[in-house]
Amino acid sequence: MIRKRIAFQLTTGFVLIVLVSMLTLGLIFVQVFRQYAFESRQQTMLERARSISQVVSENMQSNGQMRGFGGLMRFLDTMAEARVWIMDKQGNPLILTGGMGMGMGMGMGAGSGQQAHSFYSGPLPAEAKNVINDVVSGKESISQSFSDVYQEATLTVGVPIMDSNKNIIGSVLLHTPVNGITGALYKTISILLISLLIALAIAIGLGVFYSIIFTRPLKAMNNAALEMAHGNYGARTGINRQDEIGQLGSSLDYLASELAGAMEKINQLEQVRRDFVANVSHEFRTPLTVIRGSLEALSDGTIQNPSDIESYYKRMLSETRSLERLVSDLVELSRLQSGKITLNIEPVHIPSLLFDVAKSMQSIADKKKILLDCHISEDIPPISGDYDRFRQLFVIFIDNAIKYSPENSVVTIHADKKNTLNVIIQDQGYGIAQEELPYIWDRFYKTDKSRKSSGTGLGLAIARHLVQLLNGQVSLDSQIGKGTTVTIAFPFGSSSIA
Ligand code: ATP
Ligand code: MG
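All values derive from a computational prediction rather than experimental measurement.

Undergrad: So what about the packing of helix H7 (residues 350-367) against helix H8 (residues 387-403)? Which residues, and what values?
TA: Packing of H7 against H8 leaves a shortest axis separation of 10 Å and a crossing angle of 40 degrees. On the basis of the axis angle, H7 is oblique to H8. Judged by the sense of rotation from one axis to the other, the crossing of H7 with H8 is right-handed. Contact residues: Ile 350, Leu 353, Leu 354, Asp 356, Val 357, Ser 360, Met 361, Ile 364 and Ala 365 in H7; Tyr 387, Phe 390, Arg 391, Phe 394, Val 395, Ile 398, Asp 399 and Ile 402 in H8. Looking at side-chain class alone, the contact of H7 with H8 contains 13 nonpolar, one polar and three charged residues.

So this is what it looks like as structure tokens:
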């Protein structure tokens, strides 16, 4: 589990980077340092061996043998900071010193072929043999090795001693441990190791630091997303950063707010649907109850009187008609809402259409002794639209005007031509309260006063869709007790009717 954590991955990454880079650098550094130190030490030793060879050569040539330079050798010993061997031309030791101020003294051979003096205090190191072999053949030679005696890397350099005729008359060997180098190397390596430890600590610290910086907002986003999944769209990440993580956070917040909005809309729609179903059932229940009650009374024989029987039939018939109307209104509304209506577009002469509607509504108006007063100017040119839809629209408004007016009142139907074709239907009826005006266009909405009326409250909802369909505009003004004015305006030349 822990391996999958970002903190672990980041820290491991940092540690690996530090380890790899520090170790590589350290190894290269140690190698270069060693190389350089060895080479410069070799160079100094060669220089010294050459000087000694020079001095010994001059001495041998003037004395004929290795005598009288014991003081010099002691000096050389300190100077060279190494053990010094002088060999004859066969490679046998003639003189050797203790070296490195170890107080080994020095020995002197009496001539060529003689054994070294007894002061010689140790065997020649193995690598010295190779060097001697090289040197007796006239070459300078260098050899590196590790000495068990010194527990150190050692250097052995040899140069030939030549007389003035360039004949080899012997050789000089210098042998020294490279303790300075090894010591310095150990010191460097330990400094490198300490820096490595510090760098590792910093890497781990940084790993933890960055993982906190990254994981905290990630956790916040994860929590917010889970909250959203459980339906809490008020959840927010609370991240306020400018980088990519910040952008992701605000996208998530944005998603949450959009989802909240969408959910609210869905809830509203659901409410509308429930209201609709409740309204429809309610509108169906009343006529159905009346029909069932009448049928029961008729079938169990409680009603015997023929005139009663006839009035029962008439009531059932009227309830059935209103059911029929309700169903067809619902179907109409649903078709209008879904936009699945094809218009039969043709030039329509609105004045004759209005006269026609008024004529067919006359009988209903007559029942309430209501006068339908038409002020329709004849010179209105035809506009393009659907004749039946226009008719349906005007019927809804004139029907309302008659239905919600008292007896002996006047309903005025007015049409004129301005920028638009205006149809005004005005009544002297009960009027609608100001606070109810916004709702009268809703499905099934009826004002308190008209609850008992035969209407279903679908008329204005259908009318609103029809006006939209015919590219018109409608407004309704009303004052309680004074009456209602409906104004419908259609543009001329509205060829854009769909
Ligand atoms: P439907 O028209 O479906 O038979 P309805 O007439 O009750 O039923 P709408 O035509 O949509 O339904 O009218 C909604 C409500 O607005 C009416 O119930 C009535 O209360 C009010 N209303 C509409 N027109 C008028 C008017 N001219 N005067 C007073 N109130 C009106
Ligand atoms: Mg109506």
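Undergrad: Go over unusual backbone geometry with me, naming the residues and quoting the values.
TA: With phi around 65 degrees, Lys 166 is a residue other than glycine that occupies positive phi space. Examined against the element boundaries, Lys 166 turns out to sit in the loop between strand S4 (152-162) and strand S5 (168-177). Using a relative accessible area of 64% as the deciding quantity, one classes Lys 166 as exposed. Positive phi values are uncommon outside glycine, yet Asn 408 reaches one of about 65 degrees. Here Asn 408 lies in the loop between H8 and strand S9 (410-417). On the accessibility criterion, Asn 408 (57% relative accessible area) is exposed.

Undergrad: Any chance you could break down the sheet that holds strand S11 (residues 473-479) for me, citing the residues and the numbers?
TA: Reading across from one edge, S7-S9-S10-S12-S11 is the order of the five strands in this open sheet, with mixed pairing throughout. Both outer strands of the open sheet, strand S7 (371-376) and S11, are each paired with one neighbouring strand and no more. Adjacent strand axes in the sheet meet at a mean angle of 10 degrees, parallel and antiparallel pairs treated alike. Examined bridge by bridge, S11 and strand S12 (residues 483-491) share seven bridges and lie antiparallel to one another.

Criteria and thresholds
Residues numbered from 1 in each chain as written. Chains lettered and ligands numbered in written order. Predicted model: local features only at pLDDT ≥ 70, side-chain atom pairs only at ≥ 80, totals over all residues. Heavy atoms only, no water. Axes fitted to C-alpha atoms, helices over the stretch in contact; angles between N-to-C directions. Helix = DSSP H or I, 4+ residues; strand = E, 2+ residues; numbered from the N terminus. Parallel < 35°, antiparallel > 145°, perpendicular 65-115°, else oblique. Left-handed = near helix turned anticlockwise from the far one by under 90°. Contact = heavy atoms within 4.5 Å. Nonpolar A, V, L, I, M, F, W, Y, C, P; charged D, E, K, R; others polar. Buried < 20%, exposed > 50% of the residue type's maximum accessible area, 1.4 Å probe, protein only. Pairing = 2+ DSSP bridges.

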